[in-house]
Amino acid sequence: MQTNARLSLATLPRAAAVARRPAIDPHRLGVGIVHLGCGAFHRAHQAMHVQRAIEAGGGDWGIAAASLRGEAVPASLLPQDGLYSVLERDADGMRLSINAVLREVIGPSRLAAVAAAIARPATRIVSLTVTEKGYCHDPATGELDEAHPDIRADLVPGAVARSAPGLLVAGLAARRAAGLGGLAVLSCDNLPENGATTRRIVLRMAALRDPGLAAWIAGEVDFPSSMVDRMVPAPTVADRANVATMLGLSDEACVVTESFSQWVVEAAFRAGRPALELGGATLVSDVRPFERMKLRLLNAAHSTIAYLGYLAGHETVSDAIAAPGFASLVGRLWDEAAPTLSLPAGTDLAAYRASLLARFANPHLAHRTWQIAMDGSQKLPQRLLGTIRDNLAAGRPCAMAALGVAAWMRYVRGIDERGQAIDVRDPLAVELAARSRGSPGERADALLGMSRVFGADLARHAGLRAEVSSWLGRLEREGAAAVARTAAAG
Ligand code: CS2
C-alpha cells in the first residue's frame, strides 16, 4: 500500500490544493501563549480561533502546547512541525484546514519545560483545556482537593509539577523569581465561572507552597473566564485514513469537528492578547450568562443523551437523538432549565435550542455516547445539579434532570442492559462502583450521599431522592429505550 508522506512545513505546499493553508509564516511566528492540554478539543477550537486572530490581527501569538497525560499527541505533532489538519463535517459539506500555530510541543516527560516557558518574557497568556478532572478540585464546591494524589505529589519540595494547578504555580513562581510581570491564565474548560474557579484553585495551591507567592499572583495575574463550544469527537483511525486520502499526506494529529464554533471570552488580559475578536471570538465583560446557558442546555442534554443513549444501545449522539422520545425528553429538560438562566441580551432561545438539536443530529460527526459519558462525577454538578438545586428551591419541576442523574447512576453500575461490562471512566470510578450495590433506592441513596458530587444538601432532599430512585427503578425494570420513549409524556 502506498504510504503517504507526512504533513509538515516542508510538505505544506502540497496540501494547498485541498486544504485551507494558514495565512501566517510559521517559521517567523513567535510564541506568546503556553497551553496546557493539547488534546483534540484544543486543536479544533482555541488553536483555530488563535490562528484566525493572528491572520487578521498579527502578533507573536504562537502556542507552546503541553500534553500532561500522554506522549501520543506530542509524538503525532513533533514529526509534523506542529502542523495538523482540521476536518469540518456537517450537512453543509466538508472543509479541510491546516493549523500551524503550535510552534512548540511538550510531552509529559518534559513538563519541567512548562514552567520555563511560562517564565519567558514573551509569554503573556497561559491557557488550559485539561477537562473538568484536570483541576484536581472538589466538583461540588470548586475548591482545590488538597488530598488529591497529584496535588500532594506536586507539593513535595523539589518535585517537578505534573498537575495543572501545580504547573501553573510552578510557572508563576518562576516568572516572579525572574522579576517579570504577570499575565493572564485563561481556562477553556466546561466549568462554571472557570476563570474564578481556576484563580481560587491556583491561589490555594500557591498558598500551600508560599503565601508570598499567592499574594503576588492575586495582584499580578488575570483569570478571565471563557465559554467554549465546539463538538469534537475523539479522532479515529478512520478519520486519519479519510484525511490522508483527502490531503495526499498522512496527518497523525488531525481532528474532525463540526463547522460551528463559539468562544466567549472576558476581556481581562493585562499583558495583551491576540485579536481574538477578529478570530471569531466574542469579547465580553461577563461570560456567566453565556456559560450557564451552554452548560445547562447543551452539556446537560449531552450527558443525559450519553447515559440513556449508551444504555439503549446507541453508539453516537446522532443515533440516540433520532430514537423515539429522545428529542422530546431533551426539550422538556430544556424547559426545566430555562427558568434558571439569565439569557445573554438578544438571545433567541427557541433558535438556540433548534440549533442544538441540529448539531446533535449531525450524522457526519460520530460523537460517541461513551466518550461524553466519561467523568460524570466531574460534569453533573454544572450540567444537571445546578438546575435541580435552583428548581427545588423555587418549587419548580426537575423530573428530566433527575432522570439524567438516574441514568448516570445506572451507567456507573458498570453493567449494561445485555449484562456486558461498561468501561466506566471516572476519577471516582472505584467509589461509584462500591456505591452501586443493592436496590435502586439503596443505590440512589448511596450515590446521592457522595457530597463531593452532590453537596450536603441534595442527599437530604426527600423529594429528589424519591424521584431519582423512581427513575432508577424504571431504568432497571423497563430499560433505557422504553423509559426514554415515554419520559417526556409525564
Ligand atoms: C461533551 C463536551 O464530552 C463532553 O462532555 O459534552 O465536550 C461537548 O462536546 C462540548 O462542550 C461542546 O461544546
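Every value quoted in this text rests on a predicted model; they were computed, and no experiment measured them.

1. Examining the state of the cysteines
Taken as a whole and judged by the stated rule, the model has 0 disulfides. With no disulfide of its own, Cys-38 has Cys-188 as its nearest cysteine by sulfur position, at a separation of 14 Å. No disulfide involves Cys-136; its sulfur sits 18 Å from that of Cys-188, the nearest cysteine. For Cys-136, a relative accessible area of 2% translates into the label buried.

2. Digging into the side chain of Thr-340
Assignment of secondary structure puts Thr-340 in the loop between α13 (326-337) and α14 (349-360). Among the polar contacts made by the side chain of Thr-340, one reaches the side chain of Arg-296 at a distance of 3.0 Å. In this view, Thr-340 contacts Arg-292, Arg-296, Thr-387, Asp-390, Asn-391 and Arg-396; residues no more than four positions away in its chain are not counted.

3. Some thoughts on the pattern of salt bridges
Scanning the model with the defined rule gives 32 salt bridges in all. Ionic pairing is found between Glu-132 and Arg-383, a salt bridge with its closest N-O pair at 3.5 Å. In this pair, Glu-132 is assigned in the loop between β7 (125-128) and α6 (149-154) and Arg-383 in helix α16 (residues 376-394), connecting sequence segments 251 residues apart. In this structure, the salt-bridge partner of Glu-315 is Arg-368, at a minimum N-O distance of 3.1 Å. One end of the pair, Glu-315, is in the loop between α11 (288-311) and α12 (317-321); the other, Arg-368, is in the loop between α14 and α15 (369-372), and 53 residues separate them in sequence.

4. Remarks on helix α7 (residues 164-177)
Compared with the 20 Å implied by 1.5 Å per residue over 14 residues, the 20 Å span of α7 between its first and last C-alpha is a close match. Of all 14 residues making up α7, 11 are buried, and the element is well covered by its neighbours. One side-chain oxygen of the residue at the start of α7 lies 2.9 Å from the amide nitrogen of Gly-166, identifying that residue as Ser-163. Among the residues trailing α7, Gly-179 stands out with phi positive, at a value near 75 degrees.

5. Some details on empty space enclosed by the protein
Rolled over the atoms, a probe with the dimensions of a water molecule shows which regions are left empty. This model, assessed by the stated rule, comprises 3 cavities of 30 Å³ or more. A volume near 90 Å³ is recorded for the largest cavity. Considering the residues around the largest cavity, the lining is formed by 14 residues, among which Ile-33, Val-50, Ser-127, Leu-186 and Trp-263 are closest to the centre. Of all the secondary-structure elements, those providing two or more residues to the lining of the largest cavity are β2 (31-36), α3 (46-57) and β7. Taken together, the residues of the lining of the largest cavity sort by class into 10 nonpolar, 4 polar and no charged. The computed volume of the second largest cavity comes to approximately 40 Å³. For the second largest cavity, the full set of lining residues is Asp-189, Asn-190, Leu-191, Asn-194, Ser-226, Met-227, Val-228, Glu-291, Lys-294 and Leu-295. Among the elements of the structure, β9 (226-229) and α11 are those that each provide at least two residues to the lining of the second largest cavity.

6. Observations regarding the domain arrangement of the chain
Here the domain parsing of the chain yields domain 1 (12-284) and domain 2 (288-489). Of note, the centres of domain 1 and domain 2, computed from C-alpha atoms alone, are 29 Å apart. The interface of domain 1 with domain 2 comprises 30 residues on the first partner and 28 residues on the second. Here domain 1 packs against domain 2, burying approximately 2,500 Å² in sum over the two surfaces, 57% of which is carbon and sulfur. When the area that domain 1 buries against domain 2 is broken down by residue, the three leading residues are Lys-133, Pro-139 and Met-231, summing to 25%.

7. With respect to the sheet that holds strand β12 (residues 262-266)
Taken together, 3 strands build an open sheet; the order of strands is β9-β12-β13 and the sheet is mixed. The open sheet has two edge strands with one neighbour each: β9 and β13 (282-284). Sheet twist, expressed as the mean angle between neighbouring strand axes with direction ignored, is 15 degrees. The sheet contact formed by β9 and β12 spans 4 bridges and is antiparallel. Across the sheet, residue Val-228 finds its bridge partner in β12, namely Trp-263.

8. Some thoughts on the site of the ligand
Around the ligand, the neighbouring residues are Asn-190, Val-228, Asp-229, Arg-230, Lys-294, Leu-298, Asn-299, His-302, His-367, Ile-372, Lys-379 and Arg-383. Note that an oxygen atom of the ligand is positioned 2.6 Å from one of the side-chain N or O atoms of Asp-229. In this structure, an oxygen atom belonging to the ligand sits 3.0 Å away from a main-chain N or O atom of Arg-230. Elements that contribute at least two residues to the shell around the ligand include exactly β9, α11 and α16. Considering each element in turn, the shell around the ligand owes the most residues, 4 residues, to α11. A class-by-class count of the residues in the shell around the ligand yields 3 nonpolar, 4 polar and 5 charged. In terms of domain composition, the shell around the ligand takes at least three residues from each of domain 1 (12-284) and domain 2 (288-489).

Calculation criteria
Residues numbered from 1 in each chain as written. Predicted model: local features only at pLDDT ≥ 70, side-chain atom pairs only at ≥ 80, totals over all residues. Heavy atoms only, no water. Disulfide = S-S within 2.5 Å. Buried < 20%, exposed > 50% of the residue type's maximum accessible area, 1.4 Å probe, protein only. Helix = DSSP H or I, 4+ residues; strand = E, 2+ residues; numbered from the N terminus. Polar contact = N/O pair within 3.5 Å; in protein donor to acceptor, adjacent residues only side chain to side chain. Contact = heavy atoms within 4.5 Å. Salt bridge = Lys/Arg side-chain N within 4 Å of Asp/Glu carboxyl O. Expected span 1.5 Å × (residues − 1). 1 Å grid on protein atoms, 1.4 Å probe; cavity = no way out; pocket = protein on both sides within 12 Å on 5 of 7 lines; lining within 4 Å. Points joined across faces, edges and corners; volume = space filled by probe spheres on them. Nonpolar A, V, L, I, M, F, W, Y, C, P; charged D, E, K, R; others polar. Domains from an automatic or database assignment. Buried area = accessible area lost by both parts, 1.4 Å probe. Pairing = 2+ DSSP bridges. Axes fitted to C-alpha atoms, helices over the stretch in contact; angles between N-to-C directions. Near = heavy atom within 4 Å.

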